[in-house]
Amino acid sequence: MWRNLPFLVLAACLALVPARAAEKKLIVCSTTQVADFTRQVVGDRARVACILAPGADPHLYEPKPGDAKLVQQCDLVIQNGLGLEGKNWMANLAQDAGKPVVAATAGVKPLVLDEHGATHDDPHAWFDPVNAAVYVKNILESVSKLDPDHAEEFAARAKLYLQHLRVLDAWIKEQFNAIPKEQRILVTSHDAFNYFCQAYGFRNQAPAGWTTEGEITPEQRQKVVASIASFGVKSIFVETSVNPKTIQDIARDAGVKVGGELYSDSMGPAGSAGEEYLGMMRENVLTILHALK
Amino acid sequence: MRIVLAIAIWALCVGGVRLYLAHRDENRPAAPPAFERREAPGAYALELTTTFGWRPQSAEPDPFSLSGEPEAPTPPLRVQLDGREILAWTRELKPGEPVRAADIQGVKTGKNEFFIRALPQGEHAGARHAVRVRLFRDERPLADRTFWTEGALGLAETVSIEVEPEPRAPGEAEHAH
Ligand SMILES: [Zn+2]
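Residues numbered from 1 in each chain as written. Chains lettered and ligands numbered in written order. Predicted model: local features only at pLDDT ≥ 70, side-chain atom pairs only at ≥ 80, totals over all residues. Heavy atoms only, no water.

Asker: How should I be thinking about the side chain of Arg78 of chain B in this particular structure?
Answerer: Secondary-structure assignment places Arg78 of chain B in strand E2 (residues 77–81). The exposure class assigned to Arg78 of chain B is buried, which follows from its relative accessible area of 16%. One polar contact links Arg78 of chain B to Gln80 of chain B, side chain to side chain, over a distance of 3.5 Å. The residues touching Arg78 of chain B, leaving out its near neighbours within four places in the chain, are Lys159 of chain A together with Glu85, Leu87, Ala88, Phe115, Ile116 and Arg117 of chain B. (Helix = DSSP H or I, 4+ residues; strand = E, 2+ residues; numbered from the N terminus. Buried < 20%, exposed > 50% of the residue type's maximum accessible area, 1.4 Å probe, protein only. Polar contact = N/O pair within 3.5 Å; in protein donor to acceptor, adjacent residues only side chain to side chain. Contact = heavy atoms within 4.5 Å.)

Have a look at this one:
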């Protein structure tokens, strides 16, 4: 009997521990960007889980059994919205689990893309820091409703982060001032950079259109090769969440360099400069600057 | 028998820890009395003079602001004392023309920390601008300092001003340092 005593005491002590941890709310986010913004607002007051791993593609993602289990346990789901989560996978997971779901892009003025006669809202809104501020304010509103006791603290964090975004935006404008306006052409794998291009005066060319679904046709590829030649583009870019092969082939055909890899639909892995939004934007800007200047 | 003993030990552990958590704060010494600061006699006014201008009609909504309505512009000048807002300028601001917050309540003897936020916007954003801050006691200058804005962040500065219990004789104003 007595040899069991230490285990019994240990079990009793452990029984006390979850009572404290369970007080923290669990927020599940679809993409790495949304998860980062949410962490910036809630700090250590809530647990934030992200469904997509760094480098994963939100357009083509197929939920795994573990995702449904995670969403079952959560208190709030935050997604990007505007159709980024292909086939609505995040909202469907939330609906199946009966959990509230918030779109971080609510209120963003979407850019409308015209593709083969069909129009879509462009979901890659986070690439303009002004829109990133909208994400942060939407997240602040939803987490303050979830945990009103800490609303003041959430607002204080959000306020600080908005100042970071203000500085980031000003810094990007200052950096790109070094590239003549007519040389500001961004050729990337897929159409993720429209908001970025609009904010900083770039023209955008992407062979794959707004989503990564499907193969590009030889005509699309030829069109991009031709426009690279006509604009005198020096470098084109691959993306972290998209297979680089198309861009490498286009670079070879057009006789230009691959200027580097840009963080696009996903941020970087833990420990990389792109693991947070501010770092991801900074690295992208410096990569573009280095290649086009 | 075993199960009874197990439950007894569990109850003892849980009960003991709960009891400890509930009573551990009882024997702590009472919190020291809050540091008392006396209201300083006199009428106080703060004057700010900027090298940049601002017009409410042409002000764009500030996307990076959390204050107020989502479409409301951010005031170009804001001052806080002890966490209370004592000035939020929303009217036209002209370069070189002082803006005044009169009859400031809550100035205490000793050090008073004013938090000054100046945000040049529109055509003035990003450029270096100066903000002159003057505190008056009974219309006599008590402090006079000048600060420079820093890029996109504008100016966010704390100004500590010492207020003595009795007003100084005229001509003894504290100078910038
Ligand atoms: Zn995309």
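Asker: What am I meant to see in the packing of aromatic side chains here?
Answerer: We describe a pair of aromatic rings using the distance from one ring centre to the other and the angle between the two ring planes. Here the structure, examined in full by the defined rule, presents 13 aromatic pairs over all chains. What links up through ring pairs into an aromatic cluster is the set Trp126, Phe127, Phe176, Phe193, Phe196, Tyr200 and Phe202 of chain A. Arg203 of chain A extends its terminal NZ or CZ atom over the ring of Phe231 of chain A, reaching a point 4.3 Å from the ring centre. When the ring centre of Phe136 of chain B is taken as origin, the NZ or CZ atom of Arg100 of chain B, which lies over that ring, is 5.2 Å away. (Phe/Tyr/Trp six-rings, centres within 6.5 Å; stacked < 30°, edge-to-face > 60°. Lys NZ or Arg CZ within 6 Å of the ring centre and 35° of its normal.)

Asker: Help me out: how do you make sense of the coordination of the zinc ion in this one?
Answerer: Residues and elements named next belong to chain A. For the zinc ion, the full set of protein donor atoms is His59 (NE2), His124 (NE2), His190 (NE2), Asp265 (OD) and Asp265 (OD), at a range of 2.0 to 2.8 Å. Each donor residue of the zinc ion lies on the same chain, and together they follow the pattern H-x64-H-x65-H-x74-D. Here His59 is found in the loop between strand E2 (46–50) and helix H3 (65–73), whereas its partner His190 is found in the loop between strand E7 (185–187) and helix H7 (194–200), with 131 residues between them in sequence. Taken individually, His59 and His190 each receive the classification buried, so the pair is uniform in this respect. (Donors = N, O, S within 2.8 Å, 3.2 Å for Na, K, Ca; no water.)

Asker: What's the story with the side chain of Gln33 of chain A in this structure? I'm lost.
Answerer: All names here are of chain A. With respect to the secondary-structure elements, Gln33 resides in helix H2 (residues 32–42). Judged by its relative accessible area of 0%, Gln33 is buried. In this structure the side chain of Gln33 is engaged in a polar contact, spanning 3.4 Å, whose partner is the backbone oxygen of Asp265. If sequence neighbours within four positions are ignored, Gln33 has contacts with Trp126, Ser264, Asp265, Ser266, Met267 and Met280.

Asker: What is the right way to read the pattern of salt bridges from this model?
Answerer: Close approach of charged atoms allows side chains with opposite charge to pair. Residues and elements named next belong to chain A. According to the stated counting rule, one finds 19 salt bridges over all chains in the structure shown. Two residues, Glu141 and Lys145, come together in a salt bridge whose shortest N-O distance is 3.4 Å. With Glu141 and Lys145 both in helix H5 (residues 129–146) and four residues apart, this pair spans about one turn of that helix. Its relative accessible area of 47% is what places Glu141 among the partly exposed residues. (Salt bridge = Lys/Arg side-chain N within 4 Å of Asp/Glu carboxyl O.)

Asker: Got a minute to help me understand unusual backbone geometry in this structure?
Answerer: Most peptide bonds take the trans configuration, and most residues that are not glycine carry a negative phi. The residue Leu82 of chain A is not glycine, and still its phi comes out positive at about 60°. Following the sequence through the fold, Leu82 of chain A ends up in the loop between strand E3 (76–79) and helix H4 (89–97). A residue is classified by how much of its surface remains accessible, and Leu82 of chain A, at 24% relative accessible area, is partly exposed. If you check the backbone angles, Asp82 of chain B has positive phi at about 50° while not being a glycine. Examined against the element boundaries, Asp82 of chain B turns out to sit in the loop between E2 and strand E3 (84–89).

Everything listed here is a matter of coordinates, which is why it stays silent on function.
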